[in-house]
Amino acid sequence: MVYGRKGIGKSTLASGSPDSLTAMFERGRRNLEILMVPQEGEPKLYWEAFKGYVNLFIESDLKTLSVDTVDRAYDACMAWVCRENGCTHPNDQNDFGKTWGMIKREFDDLFGLIHESGKGLIFVSHETPKPLVKTTKGLRREDSTVSTLERMEPSCSKQAFEVIQEICDYVFYYGYRDEHRCITVRSPNDLAWTSCGISNSFLDPNGNPINTFKVGSAENAYQSLVDAHANKLYDYDYEEPKKEIVFKTKAK
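Presented here is a report on the structure given in the accompanying data block.

The rules behind each value
- Residues numbered from 1 in each chain as written.
- Predicted model: local features only at pLDDT ≥ 70, side-chain atom pairs only at ≥ 80, totals over all residues.
- Heavy atoms only, no water.
- Helix = DSSP H or I, 4+ residues; strand = E, 2+ residues; numbered from the N terminus.
- Salt bridge = Lys/Arg side-chain N within 4 Å of Asp/Glu carboxyl O.
- Buried < 20%, exposed > 50% of the residue type's maximum accessible area, 1.4 Å probe, protein only.
- Phe/Tyr/Trp six-rings, centres within 6.5 Å; stacked < 30°, edge-to-face > 60°.
- Lys NZ or Arg CZ within 6 Å of the ring centre and 35° of its normal.

So, about unusual backbone geometry. Going from Val37 to Pro38, the amide bond is cis rather than trans, its omega being 0°. Structurally, the position occupied by Pro38 is in the loop between strand S3 (36-37) and helix H2 (47-59). Residues Asp68 and Thr69 are joined by a peptide bond in cis, for which omega reads 0°. Among the secondary structure elements, Thr69 is positioned in the loop between strand S4 (64-68) and helix H3 (70-84). One non-glycine residue with positive phi stands out, namely Asp178, at about 50°.

Tallied over the entire structure, the rule returns ten salt bridges. The salt bridge partner of Arg72 is Glu26, with a shortest N-O separation of 2.8 Å. Of the two residues, Arg72 sits in helix H3 while Glu26 sits in the loop between strand S2 (20-24) and S3, which places them 46 residues apart along the sequence. Residue Arg72 is classed as partly exposed on the basis of its relative accessible area of 35%. For Glu166, the salt bridge goes to Lys104, with nearest N and O atoms at 3.4 Å. Here the residue Glu166 occupies a position in helix H5 (residues 158-167), and Lys104 occupies one in helix H4 (residues 98-117), the gap between them amounting to 62 residues.

Bringing the packing of aromatic side chains into the picture now. Scanning the entire structure with this criterion turns up 15 aromatic pairs. Centroid distance Trp47 to Phe50: 5.4 Å. Interplanar angle 50°. Geometry classified as tilted. Linking Trp47 with Phe50, this pair stays in helix H2, spanning three residues, or about one helical turn. Measuring from ring centre to ring centre gives 6.4 Å for Trp47 and Phe111, while their planes differ by 75°; the resulting arrangement is edge-to-face. Of the two residues, Trp47 is situated in helix H2 and Phe111 in helix H4; the sequence distance between them amounts to 64 residues. Classification of Trp47 by relative accessible area gives buried; the value is 1%. Connected via pairs of aromatic rings, a cluster forms that spans Phe25, Trp47, Phe50, Tyr74, Phe107, Phe111 and Phe123. Cation over ring: Lys119 sits above Phe57, and NZ or CZ is 4.8 Å from the ring centre. One residue, Lys130, lies across the ring of Phe161, its end atom 5.6 Å from the ring centre.

Here it is in structure tokens:
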């Protein structure tokens, strides 16, 4: 999953994968020079049409499907399930979460087909700051402290967020740092939600884990991500060791 600043180039990054198709749920994004559905002049992407595209994608020679954004894809799935069950919102049913469960299964099962096919899947989302409460317990109750900070997370709904947590191998935050486009793969200070559980990837050439790296231009972002995954890039804060200067004196 890739999430972050609006307009930073998330769609360009996600579509950079060779032989990729973008399912464009976002409105007004037809100006991108990428292979996408729906095409110019076609109606917006509804869930039933998306299911047909997924089947065609699996049967094709294409290798990666990008879902832009997963926020709207989940909303489309919810609207379809509700329409099939004669309601406008899952809470209208008063069925103790049964309709919510149907939406989760429908959403999860469709993307499970892509996973089972062995093809790639990329989710795209925007960023939103969310409060993160931390409690530090002391020996006595009055010694305990509570601190609140904001952490960047995907802007999708809580229900979609739960599915993403279950199925995504990697979650990257794409934003700016000192006016440079950067991707964060690990966030030790917990300022952005990320997921990078594979320990032998995203290391620098010296074998040290990297947290954030520069990507250069938006068009070069995907290649930078590939290079970082292949342990070719250094962390944003990396400083080359200073060379020791040795002064030689002439022997008398």
